Amino acid sequence: LGRRDRVEETALGALAMYEELFGKEHHWTGEAVYLVGHERAVFGKLAHAREDLGRALAIFERERSDFNVTMTLQALAMTAWLEGDDAGTLALARRAEGALEKIPSALFLTQTVGVALGDALLANGKAEEARAACDHARSAQQADTKGAPTEKLYGWDALRCRGEALIALGRAADALEPLRASVLLTRRIYPGDLARARFALARAMVLTRGDRAAAVALAKQARDELAALPHPRHRALVASIDRWLDT
């Protein structure tokens, strides 16, 4: 419904109920703690998010709940990425990848973990590995969203992930198609995801001698969206866009 202002309050209320009904170590309490941590990461409360997600992970590991362990490791990787911790992001994404091997049929987790891993690899200068991870995630996304609204994205964006990896590999012309498809996905869960796609498309357009005015407009739109977000990673992206625009 777009009521992001009510999410943390509602999640904390649910957590308090679960703790009272079932105690602090119950599986359902862990799911409520995960929800609180995930939303705090989205809203920029990253230190609190790490604490919440770490608590949830301990509950799920104790229960050997492979799905929830994988989901929580991915959220921790996202939190590290938003903090700007490249090495930490890659380590957590690799752990999520390892946990996912126990549940290979979980298409939603395959795409989410795949893009998290792709972003982590890109941040650490491993573009070819990133492209492979993004492509694997995209295959799972296509299998998982048949019949879903074409403008909506339920997790991370594998199209944007693939496009950015291709740009890093010097294949900007190949990046145009996935990035043009990506910017049509306007309803998203994760902060800054659409802005990143717009900036990636702008870079690809200039590298392939496309419409420079349109590329600049995309980049400025992305910059304004990212500037409104509280995460260190997005502040760094704003600085990158400013440098790009200056050239």
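Heads up: the structure comes first, above all this text.
Bear in mind the structure is a predicted one, so any value in this text is a computation, not a measurement.

Procedures and definitions
- Residues numbered from 1 in each chain as written.
- Predicted model: local features only at pLDDT ≥ 70, side-chain atom pairs only at ≥ 80, totals over all residues.
- Heavy atoms only, no water.
- Core = buried A, V, L, I, M, F, W, Y, C linked by side-chain atoms within 4.5 Å.
- Buried < 20%, exposed > 50% of the residue type's maximum accessible area, 1.4 Å probe, protein only.
- Helix = DSSP H or I, 4+ residues; strand = E, 2+ residues; numbered from the N terminus.
- Contact = heavy atoms within 4.5 Å.
- Phe/Tyr/Trp six-rings, centres within 6.5 Å; stacked < 30°, edge-to-face > 60°.
- Patch = residues over 30% accessible without salt bridge, like charges linked within 9 Å, V, L, I, M, F, W, Y side chains within 5 Å.
- Areas by Shrake-Rupley, 256 points an atom, 1.4 Å probe, with all protein chains shown as cover.
- Salt bridge = Lys/Arg side-chain N within 4 Å of Asp/Glu carboxyl O.
- Axes fitted to C-alpha atoms, helices over the stretch in contact; angles between N-to-C directions.
- Parallel < 35°, antiparallel > 145°, perpendicular 65-115°, else oblique.
- Left-handed = near helix turned anticlockwise from the far one by under 90°.
- Nonpolar A, V, L, I, M, F, W, Y, C, P; charged D, E, K, R; others polar.

Caption draft 1: Seen up close, the nonpolar core. In terms of nonpolar packing, the biggest core is built from 36 residues, with Leu179 and Leu201 touching the most fellow members. Counting residues per element, the ones that place at least two in this core are helix 3 (46-63), helix 4 (66-83), helix 7 (127-144), helix 8 (158-168), helix 9 (172-182), helix 10 (193-207), helix 11 (212-227) and helix 12 (232-246). The dominant element in this core, judged by the number of residues it contributes, is helix 10, at eight residues. Here Leu179 is in contact with Leu159, Arg160, Gly163, Ile167, Ala197, Ala200, Leu201 and Ala204, once residues within four sequence places are set aside.

Caption draft 2: Just the side chain of Arg196, in detail. If you trace the backbone, Arg196 turns up in helix 10. Aside from chain neighbours lying at most four places away, what touches Arg196 is Trp81, Asp119, Trp156, Arg160, Glu164 and Leu237.

Caption draft 3: A look at the packing of aromatic side chains. Inspection of every chain in the model, using the stated rule, returns five aromatic pairs. Both rings, one in Phe22 and one in Trp28, keep their centres 5.2 Å apart while their planes meet at 85 degrees; by these two values the pair is edge-to-face. Looking at Phe22, the relative accessible area reads 35%, which means it is partly exposed. The exposure class of Trp28 is partly exposed, given its relative accessible area of 44%. An angle of 90 degrees between the planes, with centres 5.6 Å apart, marks the rings of Phe199 and Trp244 as edge-to-face. In this pair, Phe199 sits in helix 10 while Trp244 sits in helix 12, placing the two residues 45 residues apart along the sequence.

Caption draft 4: Focus on a nonpolar patch on the surface. Together, Met17, Leu21, Phe22 and Trp28 line one region of the surface with nonpolar side chains, adding up to about 460 Å² of accessible area. Element by element, the count of residues in the nonpolar patch is highest for helix 1 (residues 7-22), at three residues. Relative to the helices and strands, Met17 resides in helix 1.

Caption draft 5: View of unusual backbone geometry. The phi torsion at Arg64 lies on the positive side, around 55 degrees, for a residue other than glycine. Mapped onto the fold, Arg64 is located in the loop between helix 3 and helix 4. The class for Arg64 is exposed, based on a relative accessible area of 73%. Phi at Arg209 takes a positive value of approximately 60 degrees, unusual for a residue other than glycine.

Caption draft 6: Expanded view of the packing of helix 1 against helix 2 (residues 27-42). Where helix 1 meets helix 2, the closest approach of the two axes is 9 Å, and the angle between their N-to-C directions is 160 degrees. With respect to each other, helix 1 and helix 2 are oriented roughly antiparallel. The handedness of the crossing between helix 1 and helix 2 comes out as left-handed. Here helix 1 contributes Val7, Glu8, Ala11, Leu12, Leu15, Tyr18, Glu19 and Phe22 to the contact with helix 2, which in turn contributes Trp28, Thr29, Ala32, Val33, Leu35, Val36, Glu39 and Arg40. Its residues placed into classes, the contact of helix 1 with helix 2 shows 11 nonpolar, one polar and four charged.

Caption draft 7: Region of interest: the environment of Leu237. Looking at where Leu237 falls in the secondary structure, it is placed in helix 12. In the structure, Leu237 is positioned 10 residues away from Ala227 in sequence and 8.8 Å away in space, judged by C-alpha atoms. Residues within four places of Leu237 in sequence aside, it is in contact with Trp81, Arg196 and Leu226.

Caption draft 8: Structural detail: the pattern of salt bridges. Under the defined criterion, the tally for this structure stands at 26 salt bridges. A salt bridge links Arg95 to Glu61; the nearest nitrogen and oxygen atoms lie 3.4 Å apart. Separated by 34 residues along the polypeptide, Arg95 in helix 5 (residues 86-100) and Glu61 in helix 3 bring together distant segments of the chain. For the salt bridge of Arg160 with Asp119, the shortest nitrogen-to-oxygen distance reads 2.7 Å. A residue pair is termed long-range when its members are at least 10 positions apart, and Arg160 in helix 8 and Asp119 in helix 6 (residues 107-123) qualify at 41 residues. Classification of Arg160 by relative accessible area gives buried; the value is 0%. The exposure class of Asp119 is buried, given its relative accessible area of 7%.

On their own, these measurements won't tell you what the molecule is for.
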